[in-house]
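The lines below spell out each chain.
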Amino acid sequence: EPGTIIKFNLDKKSINEYIYWNLTNKSQIINNKSLEEEKKNLKKILNESIEKTFLSSEVDVGILLSSGIDSNVIMDLLINKNLLNKTKIFTAKNNIKKLDESLLVNELINRYNNAKINKKISKPITAIANNSNNLEIIKKLSYHYDEPIPFLMSPLIYKLCKKASLKNIKVLLSGEGSDELFFG
């Protein structure tokens, strides 16, 4: 059930359900705008966000690019604004081929480079998703989150951010956590 937490107590062999959120007023989400109007509005908001990031940033900007819909929406917006070639791309690499998102990211970049004659995007900078030093990273992140790590990708994102920092990138665009918004 949406908005519900289920707690299991193994000692008592019990299951309890708690509602933590409930939409009480359905008119909060219903408006009179058409789907086309909503799509235009979303695109306007995303474009304004990209423009503000680049116009207000006095430093180089990077993007965390994955095979997800969220970061690809950002990539598409950057392409349409001719900003992707001014952006350093960072992506995850995995030694397990079926989990390696860098393969798809490289394919996307190659497609873009083949379609554009004058503007080429350089290959992405990668961080490898291996288990070495992940325990130390998890300890560090848990301290900063002040709770258990909520996202499985957190150690890898940390590694990518460290790589970006070493490349003097101070602003990173990411779609992290928004795949659901785009039905990914």
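Residues numbered from 1 in each chain as written. Predicted model: local features only at pLDDT ≥ 70, side-chain atom pairs only at ≥ 80, totals over all residues. Heavy atoms only, no water.

Engineer: Help me out: how do you make sense of the environment of Tyr158 in this one?
Structural biologist: Tracing the sequence through the fold places Tyr158 in helix α5 (residues 154-166). Between the C-alpha atoms of Tyr158 and Ile137, which are 21 residues apart in sequence, the distance is 7.8 Å. Setting aside residues no more than four positions away along its own chain, Tyr158 makes contact with Ile137, Lys140 and Leu141. (Helix = DSSP H or I, 4+ residues; strand = E, 2+ residues; numbered from the N terminus. Contact = heavy atoms within 4.5 Å.)

Engineer: Teacher, can you tell me more about the sheet that holds strand β5 (residues 125-128) here?
Structural biologist: Hydrogen bonds along the backbone pair up the strands of a sheet, which may run parallel or antiparallel. Pairing is parallel across the open sheet formed by four strands, whose spatial order is β5-β4-β3-β6. Edge positions in the sheet fall to β5 and β6 (171-173), since each has one partner strand and no second. Between one strand axis and the next, the sheet turns through 30 degrees on average, direction left out of account. The sheet contact formed by strand β3 (residues 61-64) and strand β4 (residues 88-93) spans three bridges and is parallel. Considered in β4, the bridge of Leu64 is made with Phe90. Along the sheet, helix α1 (residues 35-56) contacts β3 and β6; its crossing angle with β6, the most-contacted strand, is approximately 165 degrees. Lying on the sheet, helix α2 (residues 69-80) is in contact with β3 and β6; it crosses β3 at an angle near 145 degrees. (Pairing = 2+ DSSP bridges. Axes fitted to C-alpha atoms, helices over the stretch in contact; angles between N-to-C directions.)

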